[in-house]
Amino acid sequence: VYKASIYGDRDTIWQQQLPSVSGLTVKRLQYDRQNNALFAFGAYDRARNGIAARLQPDTGQLLWLAKTTENFHGVNFQDVAFTDNDLFVTWRHRTVGGGTPVGVLATRINRADGTSVWEQNYRSHPTKITHESALDIQVDEEGVYLTGYYHSSNYGPGDWSVSKLDREDGSILFRTLVTDSH
């Protein structure tokens, strides 16, 4: 990860090598202006696990690196919601079709020190074995809301779902499936 000037000869201001983990790929950098914080999101270990990192934006110093613990088939960073104290992150499967069907992976990470508060891997549809993904995440005082798809039919998004997770422990409070019959 590096920061470069956008003016003149575009000199590198700083460069930070993230810790060496097998197959680390950064998918998104996100700057939080309100808190002067820089976050990096991606995957490692042949895309079986997700990573989130916080860097000091002025120097590039790595403040913390958090890894998902769920061995998740083909994980990719999808979306993040920031609150005053936490990051709520969703991960999606990298490929559609073939491979092992996967559910939705969501994590809550303490933004100050990178400690995992909870990690939840669940299926939107309680009985179908499908490929799924949470595409958007929103958080308020009452819960964590995820929208996404399930039943990808091996070629792309299929039916849709809306889920609510408990903000404190990540437990599933409800799932609503949106199908052609709605």
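Placed above this text is the structure.
Below or above, wherever it landed, is the structure these notes cover. Just so it is clear, the structure is predicted and the values come from calculations on it, not from any experiment. Residue positions are given per chain, counting from 1 as you read along its sequence in written order. In view of the model being predicted, local features appear only for residues whose pLDDT reaches at least 70, and side-chain atom pairs are presented and counted only at 80 or more, with totals across whole chains, interfaces and linings using the full set of residues. Heavy atoms throughout the structure, all of them, feed into the side-chain values; hydrogens and water do not.

A closer look at the nonpolar core
Now for step 1: One finds Phe41, Trp64, Leu87, Val89 and Ile109 to be the most contacted residues of the largest nonpolar core, which totals 13 residues.
Now for step 2: Only DSSP runs of H or I with at least four residues qualify as helices, and only runs of E with at least two residues qualify as strands; both kinds are numbered from the N terminus onward. Elements supplying a minimum of two residues to this core: β4 (37-44), β6 (62-67), β7 (75-82), β8 (86-93) and β9 (104-110).
Now for step 3: Any pair of residues with heavy atoms lying within 4.5 Å of one another is described as a contacting pair. Beyond its immediate sequence surroundings of up to four residues, Phe41 is in contact with Thr25, Val26, Lys27, Arg28, Gln30, Ile51, Ala52, Phe77, Val80, Leu87 and Val89.
Now for step 4: Counting 11 residues, the second largest nonpolar core, distinct from the first, contains Ala81, Phe88, Ala106 and Trp118. Here, the term nonpolar core denotes a set of buried Ala, Val, Leu, Ile, Met, Phe, Trp, Tyr and Cys residues that are joined through side-chain atoms within 4.5 Å. Relative accessibility thresholds used throughout: buried, under 20% of the residue-type maximum; exposed, over 50%; partly exposed, between the two (1.4 Å probe, protein chains only).

Side note on the pattern of salt bridges
Think of it this way: side chains of opposite charge can pair up when their charged atoms draw near.
Now for step 1: Salt bridges are defined by distance alone: a side-chain nitrogen of Lys or Arg within 4 Å of a carboxyl oxygen of Asp or Glu. Counted according to the given criterion, the structure contains 3 salt bridges.
Now for step 2: We note a salt bridge from Arg111 to Asp32, for which the minimum N-O separation is 2.1 Å. Residue Arg111 is located in the loop between β9 and β10 (116-122), and its partner Asp32 is located in strand β3 (residues 25-32); the two are separated by 79 residues in the primary sequence.
Now for step 3: For Asp32, a relative accessible area of 10% puts it in the buried group.

Some points on the packing of aromatic side chains
Now for step 1: Only the six-membered ring of Trp is used, alongside the rings of Phe and Tyr, when aromatic pairs are assigned; centres must lie within 6.5 Å, and planes under 30 degrees apart are stacked while those over 60 apart are edge-to-face, with the rest tilted. Scanning the entire structure with this criterion turns up 4 aromatic pairs.
Now for step 2: Where Phe39 meets Phe82, the ring centres are 5.3 Å apart and the plane angle is 45°; that geometry is what we call tilted. Of this pair, Phe39 sits in strand β4 while Phe82 sits in strand β7; the two residues are 43 residues apart in sequence, bridging distant segments of the chain.
Now for step 3: Residue Phe39 is classed as buried on the basis of its relative accessible area, which comes to 0%.
Now for step 4: Ring pairs connect the aromatic residues Phe39, Phe41, Trp64 and Phe82, which therefore count as one cluster.

Observations concerning the pairing of β4
Both faces of the sheet carry side chains from a regular strand, because those side chains alternate between them.
Now for step 1: For β4, the buried fraction is high: 8 of the 8 residues fall into the buried class.
Now for step 2: Burial of β4 is two-sided: the residues Ala37, Phe39, Phe41 and Ala43 facing one way and the residues Leu38, Ala40, Gly42 and Tyr44 facing the other way are all buried.
Now for step 3: In this analysis, strands are considered paired if DSSP registers two or more bridges between them. Here β3 runs beside β4; their pairing, made up of 7 bridges, is antiparallel. Directly across from Asp32, in β4, lies its bridge partner Ala37.
Now for step 4: Remark: 4 residues form the turn of the hairpin made by β3 and β4, two consecutive strands paired antiparallel; Asn36 in that turn has positive phi of roughly 45°.

Re the sheet that holds β3
Now for step 1: With antiparallel pairing, the 4 strands of this open sheet are ordered in space as β3-β4-β5-β6. Bordering the open sheet on either side are β3 and β6, each of which pairs with just one other strand. Adjacent strand axes in the sheet meet at a mean angle of 20°, parallel and antiparallel pairs treated alike. Each axis is a line fitted through C-alpha atoms, taken for helices only over the stretch in contact, and angles between the N-to-C directions span 0 to 180 degrees.

Side note on a nonpolar patch on the surface
Now for step 1: Together, Trp160, Val162, Leu173, Phe174 and Val178 line one region of the surface with nonpolar side chains, adding up to about 400 Å² of accessible area.
Now for step 2: Taken together, the elements giving at least two residues each to the nonpolar patch come down to β13 (159-165) and β14 (172-178).
Now for step 3: Tallying contributions element by element places β14 first for the nonpolar patch, with 3 residues.
Now for step 4: Secondary-structure assignment places Val178 in strand β14.
Now for step 5: Among the residues examined, Val178 registers a relative accessible area of 35% and is labelled partly exposed. Two distance rules govern patches: like charges are joined within 9 Å, and nonpolar side chains (Val, Leu, Ile, Met, Phe, Trp, Tyr) within 5 Å, applied only to residues with over 30% relative accessible area and no salt bridge. Per-residue and other accessible areas were derived by the Shrake-Rupley procedure at a 1.4 Å probe size, with only the shown protein chains allowed to occlude residues.

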